[in-house]
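Close look at the chain arrangement
Residues per chain are reported as follows:
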Amino acid sequence: MGTWPLLLLLLVATAQAQVCSVNQTFFEIEENTTLSAPLLDIYVPEDQQVTLGPSSTLFAFRIRGTQLFLNITPDYEENSMLQAHLECKRGDTVVTQLRVFVSVLDVNDNPPVFPYKTKQWGVPEDTKVKATVIPETELEAQDRDRDDILFYTLQEVTPGASDFFSLAGVNRPALQLDRSLDFDALPRMTFQLLVRDTQEENKQPSHSATATLILEVQPADLRPPWFLPCVYSDGHVCIQAQYHGAVPTGHRLPGPLTLRPGPIYAVDGDRGIDERIIYSMVTGHEDGTFSIGADSGNLTMAKSIPSPQTFVLMVKGEQADGARYSVTQVTVEALDANGSLPRFPESLYRGTVALGSGPGVAVQDAAAPPQPLRIRAQDPEFPDLNSAITYRITNNSNFRMDGEAVLTSALLMQAGVFYAEVEATNTVTSGTATTVLEVQVSEQEPSPTDGDRRFSTVEMAVLGGVLGALLLLALIALTVLVHKHYGHRLKCCSGKALEPQPQGFDNKAFLTKDEANWEPAPSPPPSPAPPAPPKPAPPDAEPQEPSPHSPAPSHRVPESPAVAPDGGSPAAVRSILTKERRPEGGYKAVWFGEDIGAEADVVVLNTPGSEVDGAGDSGSEGGGDEGADAGPGGRGQDAPGTDSIYF
């Protein structure tokens, strides 16, 4: 090497020794990194000082001696590039200027954020399929990590909602419609919109956020009015009703006609809109026989119909806004009213009422107390005339009819079973029908309460144990006494078979093939077997003198099973009622006690001739319709009323 190159190197080294210098001017650091060590060392000549120049990133750096430190924890979202401006001065003169750059690297440290927590959106019911319901700009989330790619997922909350809506793409949160909406089926649907800043759920770091979407289906006018009752064929189309009715000839009914399956009534097929319906007749009303209420839909008669004929009316139900309408058919038959009779669904109605009830007390339904007993007749040919049927009790002054309800009309001071005839009259056709009413008048015991319980369960158990022990001792003592006094008789008779004892007391002579439909008597409590009664004589046999060993016949009317005293004798709980048709009309009913030979009285129940095949001759105890005379003087035993039927 020659002299000149060496001299040049010497001059450069000498120049460098007189200015500031650094080994590196560019750095890369991940955000959120805290550096405690110096970023770099600065070479500063002895006669100079180094400071931060005015173009340095504010508060980002500091100089301690000849070392440069990073003064902050960098954040990519706030500042992605930091700059340190170094000035070397000799006195007030700037000798050298250096610039050091720090590039902040982005790290996934921020979750995505929705600008809303809940978004509620209205969707018209008639929105076209594949249409965008909510645009992407309304649903997208924001992420401060600038390089992050967001991934969206739509999760249904309302079952079946995912069949109607979906997202345009995994990175595009626009909501689109996939299926036609149905306000009646799903008027409101809720979703959870999930966003994540990584495609893989388990990747770290990963952040997510959720928001709630509520879609309100706004009803559209898609369906016409439907006449009720209607049946849905596919969940969208309702097959509407047609109406039928009957009216009597020669009569003009004052009120609205009763039709089957119900009154003329239509509703807007779009329930969410529920537009008011206006009714009118299109055809079939040319002669002016019928008219219809525009707002109510009630069909009424404008005049009577002289002869039987059939009317076919076309009725229109139109929305008040005139947008849509439907038409249905109403068929009205004018029938001859002669021979049309009302009918009772039941041949016997049973009720109960408390002993001591005064006038105006409702009789309760015995099958469903405390519901009031209601007696209702129907005219099958003219159901429109059911409201014209009136009711009255013909043969018992203790009760009266109030419409279809049974009320007391006197103070009831005698317990027992009372029978009455209820007559129904159709005021239009003049047809009548009767049925039998049975009322049980008894004391109604109050339901037990906690205050009525005087003994605890343990005390009752101890008492039961003591009573059981005493009963066992009594049985042992009884066995010893029987064996002591009658042991020899038992031994001598032990080889003899016992003769079978009769088990029932049905008098076969009074039963016919067609007349044995009676309810069984209540089962008796366990008791010693009574002695076999003598066989009763047929109805037409000559009366015989009572045997010396038989009790004298009594003329007292025996009580029925419903009112028999709660005693221990078999006659208190086993009574048999049989009946025989009388040639002059009515029935002959005989009550037997347990001992047939003791008491056998006859009570004659006369029924109207029209009820021979009706309600009066159905098989039930005490089904007579007229007053019953029994015992001396021809009066019933302790009857509360002079015209009451009482057993």
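Residues numbered from 1 in each chain as written. Predicted model: local features only at pLDDT ≥ 70, side-chain atom pairs only at ≥ 80, totals over all residues. Heavy atoms only, no water.

With an unreviewed UniProt entry as reference, the protein is termed Cadherin-related family member 5, source organism Sus scrofa.

Of regular secondary structure, the protein possesses three helices and 36 strands. Counting over 647 residues, the protein shows a buried share of 36%. At a minimum sequence separation of 6, the contacts of the protein that also span at least 24 residues come to 64%. (Helix = DSSP H or I, 4+ residues; strand = E, 2+ residues; numbered from the N terminus. Buried < 20%, exposed > 50% of the residue type's maximum accessible area, 1.4 Å probe, protein only. Contact = heavy atoms within 4.5 Å.)

A few words now on the nonpolar core. In this structure, Val247, Leu257, Ile264, Phe290, Leu299, Val330 and Val332 are the most contacted members of the largest nonpolar core, which totals 29 residues. Contributing elements (two or more residues each) for this core: β19 (243-248), β21 (277-283), β22 (290-292), β23 (299-301), β24 (309-319) and β25 (325-335). Discounting residues that sit within four places of it in the chain, leucine 299 has contacts with Pro256, Leu257, Ile264, Met281, Phe290, Ser291, Ile292, Leu313, Val330 and Val332. Phe114, Leu154, Phe191 and Val195 belong to the second-largest nonpolar core, a separate cluster that totals 27 residues. (Core = buried A, V, L, I, M, F, W, Y, C linked by side-chain atoms within 4.5 Å.)

Once that is clear, we can look at unusual backbone geometry. For the bond from arginine 260 to proline 261, the omega torsion is 5°, close enough to zero to count as cis. With respect to the helices and strands, proline 261 occurs in the loop between β19 and β20 (266-267). At the junction of proline 369 and proline 370, the peptide bond is cis and its omega measures out at 5° in the coordinates. Tracing the backbone through its elements, the reader meets proline 370 in the loop between β27 (364-365) and β28 (389-393). Located in the positive-phi region is lysine 130, a residue other than glycine, with phi close to 75°.

Applying the stated criterion to the full structure yields two disulfides. Disulfide pairing places cysteine 20 opposite cysteine 88 at an S-S distance of 1.6 Å. Here cysteine 20 and cysteine 88 share a disulfide; its torsion about the S-S bond, -120°, makes the bridge left-handed. Here the residue cysteine 20 occupies a position in the loop between α1 (3-16) and β1 (21-22), and cysteine 88 occupies one in strand β7 (residues 81-90), the gap between them amounting to 68 residues. Taken individually, cysteine 20 and cysteine 88 each receive the classification buried, so the pair is uniform in this respect. A sulfur-sulfur distance of 2.0 Å marks the disulfide that ties cysteine 230 to cysteine 238. Here cysteine 230 and cysteine 238 share a disulfide; its torsion about the S-S bond, 95°, makes the bridge right-handed. Comparing cysteine 230 with cysteine 238 shows no difference in burial state: the two are buried. Along the protein, the cysteines engaged in disulfide bonds are linked according to the scheme 1-2, 3-4 when indexed in sequence order. (Disulfide = S-S within 2.5 Å.)

Pairing is antiparallel in the open sheet, where four strands are placed in the order β1-β3-β6-β5. Both outer strands of the open sheet, β1 and β5 (61-64), are each paired with one neighbouring strand and no more. Here β1 runs beside strand β3 (residues 40-43); their pairing, made up of two bridges, is antiparallel. Residue serine 21 lies in a different strand from β3, and its bridge partner there is tyrosine 43. (Pairing = 2+ DSSP bridges.)

Taken in spatial order, the four strands line up as β2-β8-β7-β4 in an open sheet, and their pairing is mixed. The sheet terminates laterally at β2 (26-30) and β4 (49-52), the two strands that pair on one side only. This sheet shows a mean twist of 25° between the axes of neighbouring strands, independent of strand direction. (Axes fitted to C-alpha atoms, helices over the stretch in contact; angles between N-to-C directions.)

Here phenylalanine 26 shows up in strand β2. With relative accessibility at 42%, the residue phenylalanine 26 sits in the partly exposed group. A sequence separation of 74 residues divides phenylalanine 26 from valine 100, and the C-alpha atoms of the two residues are 5.9 Å apart.

Before going further, it helps to examine the environment of proline 380. Mapped onto the elements, proline 380 comes out in the loop between β27 and β28. Measuring from C-alpha to C-alpha, the distance between proline 380 and leucine 341 comes to 8.3 Å, with 39 residues separating the pair along the chain. Apart from residues no more than four positions distant in its own chain, proline 380 is found in contact with Leu341 and Arg343.

On the surface, Met460, Val462, Leu463, Val466, Leu467, Leu470, Leu472, Leu473, Ile476 and Val480 cluster together into a nonpolar patch covering about 940 Å² of accessible area. Residue class for valine 466 comes out partly exposed when judged on its relative accessible area of 44%. (Patch = residues over 30% accessible without salt bridge, like charges linked within 9 Å, V, L, I, M, F, W, Y side chains within 5 Å. Areas by Shrake-Rupley, 256 points an atom, 1.4 Å probe, with all protein chains shown as cover. Salt bridge = Lys/Arg side-chain N within 4 Å of Asp/Glu carboxyl O.)

The next thing to look at is the packing of aromatic side chains. In this description, an aromatic ring pair is defined by two values, namely the gap between the centres and the angle between the planes. Summed over all chains, the structure comprises eight aromatic pairs. Here phenylalanine 114 and tyrosine 152 contribute two aromatic rings whose centre-to-centre distance is 6.5 Å and whose plane-to-plane angle is 55°, an arrangement assigned as tilted. Here the residue phenylalanine 114 occupies a position in the loop between β8 (93-105) and β9 (118-124), and tyrosine 152 occupies one in strand β11 (residues 151-156), the gap between them amounting to 38 residues. As far as the burial class goes, phenylalanine 114 and tyrosine 152 line up, both buried. Taking 5.1 Å as the distance between ring centres and 80° as the angle between the ring planes, the aromatic pair formed by phenylalanine 290 and phenylalanine 311 counts as edge-to-face. (Phe/Tyr/Trp six-rings, centres within 6.5 Å; stacked < 30°, edge-to-face > 60°.)

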